[in-house]
Amino acid sequence: MLSKSQARSFFLFATVGFSGVFLWLTVDTVRQVPARSHEENMNASVIRGKEIWEKNNCMGCHTILGEGAYYAPELTKAVERRGEPWLRIFLKDPQAMYPGRRKMVQYNFTEEEITDVIAFLDWIGKIDTNGFPAKPDMAPVAVAAAATVTPAAGAPSAVAAPALFTQVCVACHSLGGTGGVVGPALDGVGTRYDRDGLRAWLDNPQSVKPGTAMPDLNLSASDLDALTDFLMSQR
Ligand code: HEC
Ligand code: HEC
């Protein structure tokens, strides 16, 4: 049983001691913020991206770092998950990546604004948050960028998959069993098309098949060539 004065010193010792520990941990955390957030990478583009993010109230639907609304996907790791090419196409025209089921706002961003939004999301994604928040449960319709796409056994491909293929096309198409289910699987696609027909399709799907859900991805001539070479080798 503690005497009154023992109880008082116990109370004082514990209160002062633990307040000290709490203060020290707070100071320590604040001191670590610049390093963990990579403050040095916060350039003008990142800051403009943050302003666009705030002005358009993206947090009214999305969360970053776990904060915001839960209507739309968590975006902390959006750049790592999707890659820049996918995000560019999506932010220019959200409908392109979710044919027929768009809920994301079409903002009519300029190319520069899109660059800034992606720079901001990229910076956010590189903050060391000890793994918080957990990976979002994405709708299965379009899958995240696959690190590698392995053509099915028996369909050896001499041409390596262009980065654009693994970052954009696999969101909707599968190859060798990996990828999305919005469009048809592309195994053996080289036997179904001739080279010119395939290139024309990738260049402008609407002109080949009006009303198709395959988006016009505004591919450059060199991307068209690389993708056509790769697809023609899928036999
Ligand atoms: C009205 C709600 C709403 C607002 C506001 C909104 N979004 Fe979205 N966003 C969505 C929905 C819903 C999706 C899921 C795809 C779909 O259904 O179109 C999405 C998807 C995304 C994705 C793709 C995520 C992924 O990995 O698939 C990105 C990136 C994104 N939004 C960025 C933004 C940015 C940047 C802003 C602000 C400029 C914003 N969003 C504002 C609803 C919204
Ligand atoms: C947003 C989803 C989406 C993306 C992204 C997408 N496609 Fe498609 N693709 C489709 C759909 C849907 C079809 C079926 C169109 C139809 O038959 O009307 C299709 C059809 C095709 C076909 C014809 C397949 C066949 O067997 O007839 C090829 C080839 C193709 N896409 C290649 C690509 C390539 C290469 C990319 C990346 C540069 C790509 N697609 C990106 C949705 C997509």
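Residues numbered from 1 in each chain as written. Chains lettered and ligands numbered in written order. Predicted model: local features only at pLDDT ≥ 70, side-chain atom pairs only at ≥ 80, totals over all residues. Heavy atoms only, no water.

Bringing the nonpolar core into the picture now. The biggest cluster of nonpolar side chains holds 46 residues, and the ones touching the most others in it are Trp 86, Met 97, Leu 121, Phe 165, Leu 202 and Leu 231. Counting only elements with at least two residues in this core, the list comes to helix H2 (44-55), helix H3 (78-82), helix H4 (84-92), helix H5 (94-97), helix H6 (111-125), helix H7 (163-167), helix H9 (195-203) and helix H11 (221-232). Per-element tally for this core: the top contributor is H6, with 8 residues. Two domains each put at least three residues into this core: domain 1 (39-125) and domain 2 (163-232). Not counting the four nearest positions on each side in its chain, Leu 121 is found in contact with Trp 53, Ile 64, Leu 75, Thr 76 and Val 79. (Core = buried A, V, L, I, M, F, W, Y, C linked by side-chain atoms within 4.5 Å. Buried < 20%, exposed > 50% of the residue type's maximum accessible area, 1.4 Å probe, protein only. Helix = DSSP H or I, 4+ residues; strand = E, 2+ residues; numbered from the N terminus. Domains from an automatic or database assignment. Contact = heavy atoms within 4.5 Å.)

Our focus in this paragraph is the pattern of salt bridges. For the structure on display, the rule yields 10 salt bridges. Linking Arg 88 and Glu 84 is a salt bridge whose minimum nitrogen-to-oxygen distance equals 3.1 Å. Here the residue Arg 88 and the residue Glu 84 both occupy positions in helix H4, the gap between them amounting to 4 residues, near one helical turn. A salt bridge links Lys 92 to Glu 111; the nearest nitrogen and oxygen atoms lie 2.8 Å apart. Of the two residues, Lys 92 is situated in helix H4 and Glu 111 in helix H6; the sequence distance between them amounts to 19 residues. Relative accessible area serves as the criterion here: at 36%, Lys 92 is assigned to the partly exposed category. Through salt bridges that share partners, Glu 84, Arg 88, Lys 92 and Glu 111 make up one connected network. (Salt bridge = Lys/Arg side-chain N within 4 Å of Asp/Glu carboxyl O.)

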